[in-house]
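Chain and residue survey
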Amino acid sequence: MNTCRVCGEPQPAGAWGNAFPGLPPLVAWEQAPLEQRYCGVCGTPACDDDTLDRLQSQQLEQSPARLYGTSLVSPTPEVVAFMAGWDVATKGAADQALVPFDLWVNRAHTRMLVAQAILTPGQGQAILRGLDELEQRYRAGQFVVRPALEDVHTNIEKFLTDDLGIEAGLAMHTARSRNDQIVTDMRLWMRARVVNLARLSLGLMQVLTEVARLHLDSVMAGYTHHQHATISTFGHHLAAYAEAIRRVVQRLHFWYETFNYSPLGCVTGFSTTFPIDRHLTAELLGCYGPEPNSIDPVTSRWEPEAELAQSLAVLLAHLSSMAQTFILLSTQEFSVLKLHPRFCSGSSIMPQKVNPDTLEVIKAKATEVTSRLTALLTLGRANLTGYNREQQWTKYLIMETCLESLPAVSIMTRIVAHSCRPLQPNPWLQRDVGIDTARLHAMAGTGFAGATELLEQLVTQTGIEFRRLKRVMEYAVALSLQQGASDSVTHAALSQALQEEGLEVLVDAATVQRLQEPVTILAAKQVTGGPGRQALEAELTQLATFVATQSQTWQTRSQELQARYEQCGQCSEVS
């Protein structure tokens with residue numbers, strides 16, 4: 001089975017951008033050129049960006065993704081789709097995406113009904129065979145939910161009874177309601193997306209950590225209020241982003257541990273008189289157990305959705321911050337970041353334009369996700385205990401939230417991997433891509449970025465109170481500006497400021513200059529969490545360990561769920 005090389009989703013998944021719409025998805029996927037295949041869930045291309053560069057360079061004029069005929073930008077289909085949003089694409093029916101999960105729920109429920117002697121083994125076998133036939137048609141693109149039948153549950157039941165003539169299908173709905181059925185379907189759908197998202201987030205963390213190691217000594221001025229603050233490194237900034245994503249992974253772990261319980265068997269919310277075994281269905285669905293109260297998961301249908309949306313809102317907020325930083329660094333005024341042209345767009349009129357559109361779209365998606373989180377929280381309040389129809393809209397909100405979010409993680413991962421390394425020529429693009437570390441270093445030596453560290457070193461060497469020396473340094477900065485120095489504190493200005501403060505501190509001109517140099521400052525910054533080489537290396541080692549450990553955890557979960565799915569789908573003897 002084809003799976004996404006990053007998020008692990010079976011391929012083709014969803015509306016992946018079928019290059020041959022007249023063919024079944026799997027056939028179209030296999031016939032599509034390599035550079036046009038990408039995951040329908042997270043938007044990751046089937047091949048890496050180096051391969052895409054090579055393939056595009058070989059067909060420069062023929063590539064349908066080269067908009068406006070420009071050779072300055074080279075977005076491939078998944079990037080075009082990401083930037084275009086829903087301008088020309090459709091989202092598709094929400095319940096179409098639930099077909100595999102409803103099949104899983106039906107199989108688990110049927111096996112349990114047979115085990116409890118509520119259905120006969122013959123009825124169970126007939127239902128499971130029919131569900132297997134339906135799944136094969138679904139995988140071949142031959143089963144599409146019909147709007148006239150309202151939802152996925154009725155579509156599947158009618159397919160068994162009407163299309164396949166399986167009379168036992170009429171008994172499949174025994175001891176359950178559409179209430180617990182959809183809550184369970186959505187719980188399984190969200191669980192799958194949480195696994196996808198965790199793997200994507202860990203992939204982003206890994207790339208951030210790896211690229212940060214290339215920038216251990218890439219001097220950079222830190223910024224507060226968009227103004228020079230003190231000295232840092234570009235690697236220090238990338239590590240900060242990795243720490244933020246680490247917390248997102250921890251939130252996803254919390255979601256999994258909190259909500260991996262089965263609502264199946266809650267029925268309308270008020271249980272049933274049939275002697276069902278909810279522990280068995282929970283096991284078959286790969287859950288830790290059944291939800292302990294039958295009312296709660298039906299009434300609180302919004303809560304797992306809102307919890308996942310909250311994690312996504314936080315994640316996209318961090319990506320938005322990264323995007324804005326990269327946009328600023330890529331401007332001609334900064335001219336530090338040379339963005340890979342794959343993630344840029346041209347203009348329909350201006351021939352020179354290379355716009356960082358993917359980064360701007362990430363910022364827009366962050367806003368969208370936050371608005372949907374607010375809607376989910378609003379839908380969950382002030383309802384009478386039990387099911388209320390407005391809860392149906394939680395399905396659309398969380399599906400759209402995931403639809404917007406997951407490709408943003410994939411895009412940002414690729415941008416970091418291919419645009420945030422030290423500047424180097426791309427052999428296929430015939431241009432430089434990456435971070436101009438020399439310019440970063442030069443910029444760090446301007447705007448009095450070393451004044452704070454000069455102050456700190458004077459406090460350390462003289463023992464004079466910090467506040468008093470800060471007053472001296474502020475005056476020294478003002479005097480330096482008056483003397484025409486706009487980048488660093490001059491020896492003359494500092495000496496005058498000390499003298500007027502009544503302090504007898506002897507410091508030579510070479511020392512004043514040396515203490516403000518970025519390399520000197522970084523060598524002295526070895527506090528845990530700081531940008532000094534040793535401190536940063538220690539942090540990156542911890543991040544790498546977290547990624548390795550969590551990757552194994554989520555891989556194990558994925559394998560266990562796949563095993564449960566396959567076990568439930570076996571049409572062997574049911575008893």
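Let us look at the structure shown here.

In terms of helices and strands, the chain carries 20 helices and five strands. With the C-alpha coordinates of the chain rotated into their principal frame, the extents come out at 100 × 55 × 40 Å. Looking at the 575 residues of the chain, the share that counts as buried comes to 53%. Nonlocal contacts in the chain, meaning residues at least 24 apart in sequence, comprise 74% of its contacts between residues at least 6 apart. Put simply, the chain has 46 plus and 58 minus side-chain charges, and the middle of one group is 1 Å from the middle of the other.

Between its first and last C-alpha, helix 7 (residues 178-213) extends 52 Å over 36 residues, near the 52 Å set by a 1.5 Å rise per residue. By the criterion of burial, helix 7 is predominantly enclosed, with 30 of the 36 residues buried. Two or three places before Asn179, at the start of helix 7, stands the capping residue Ser177, its side-chain oxygen 3.0 Å from that residue's backbone nitrogen.

Scanning the entire structure with this criterion turns up nine aromatic pairs. Between Tyr256 and Trp554, the ring centres sit 5.6 Å apart and the planes meet at 85°, which makes this aromatic pair edge-to-face. Here Tyr256, found in helix 8 (residues 234-259), pairs with Trp554, found in helix 20 (residues 533-569); they are 298 residues apart in sequence, far enough to count as distant. The two residues Tyr256 and Trp554 agree in class, both being buried. Ring centres of Trp393 and Tyr396 lie 5.3 Å apart, and the angle between their planes is 90°; this geometry places the pair in the edge-to-face category. Placement of both Trp393 and Tyr396 in helix 13 (residues 393-419) is noted, with a separation of three residues, approximately one turn of the helix. With a relative accessible area of 45%, Trp393 lands in the partly exposed category. Residue classification places Tyr396 among the partly exposed residues on the basis of a relative accessible area of 25%.

In this section: the packing of helix 12 (residues 357-379) against helix 13. Packing of helix 12 against helix 13 brings their axes to within 9 Å, and their N-to-C directions diverge by 155°. Judged by the angle between their axes, helix 12 and helix 13 are roughly antiparallel. Considering the relative orientation of helix 12 and helix 13, their crossing is left-handed. On helix 13, the residues that touch Thr358, Leu359, Ile362, Lys365, Glu368, Val369, Arg372, Ala375, Leu376 and Leu379 of helix 12 are Trp393, Thr394, Leu397, Glu400, Thr401, Glu404, Ser405, Ala408, Ile411, Met412 and Ile415.

So, about the pattern of salt bridges. Oppositely charged side chains are able to pair whenever their charged atoms sit close together. Summed over all chains, the structure comprises 27 salt bridges. Between Lys525 and Glu453 there is a salt bridge, and its shortest N-O distance comes to 2.8 Å. On the criterion of sequence distance, the pair formed by Lys525 in the loop between helix 19 (518-524) and helix 20 and Glu453 in helix 15 (residues 451-462) is long-range, its members being 72 residues apart. Put simply, Asp49, Asp53, Glu78, Arg342 and Arg414 are held in one network by salt bridges that share partners.

Along any regular strand, the residues point their side chains to alternate faces of the sheet. Bridging between strand 3 (residues 337-338) and strand 5 (residues 431-435) involves two bridges; their strand directions are antiparallel. Bridge pairing in strand 5 places Leu337 opposite Ile435. When strand 4 (residues 424-426) meets strand 5, the two strands line up antiparallel, connected through three bridges. Counterpart to Asn426 in the pairing with strand 5 is Arg431. Linking strand 4 to strand 5, which pair antiparallel, is a turn of four residues; within it Gln430 sits at a positive phi near 60°.

Running from N to C, helix 3 (residues 77-84) and helix 12 cross one another at 45°; their axes reach a closest spacing of 9 Å. Of the possible angle classes, the one that applies to helix 3 and helix 12 is oblique. Between helix 3 and helix 12 lies a crossing whose hand is left-handed. Contacts between helix 3 and helix 12 involve Val79, Phe82 and Met83 from the first element and Asp357, Thr358, Val361, Ile362 and Lys365 from the second.

Conventions adopted
- Residues numbered from 1 in each chain as written.
- Predicted model: local features only at pLDDT ≥ 70, side-chain atom pairs only at ≥ 80, totals over all residues.
- Heavy atoms only, no water.
- Helix = DSSP H or I, 4+ residues; strand = E, 2+ residues; numbered from the N terminus.
- Buried < 20%, exposed > 50% of the residue type's maximum accessible area, 1.4 Å probe, protein only.
- Contact = heavy atoms within 4.5 Å.
- Lys, Arg positive; Asp, Glu negative; His and termini not counted.
- Charge placed at Lys NZ, Arg CZ, Asp CG, Glu CD.
- Expected span 1.5 Å × (residues − 1).
- Polar contact = N/O pair within 3.5 Å; in protein donor to acceptor, adjacent residues only side chain to side chain.
- Phe/Tyr/Trp six-rings, centres within 6.5 Å; stacked < 30°, edge-to-face > 60°.
- Axes fitted to C-alpha atoms, helices over the stretch in contact; angles between N-to-C directions.
- Parallel < 35°, antiparallel > 145°, perpendicular 65-115°, else oblique.
- Left-handed = near helix turned anticlockwise from the far one by under 90°.
- Salt bridge = Lys/Arg side-chain N within 4 Å of Asp/Glu carboxyl O.
- Pairing = 2+ DSSP bridges.

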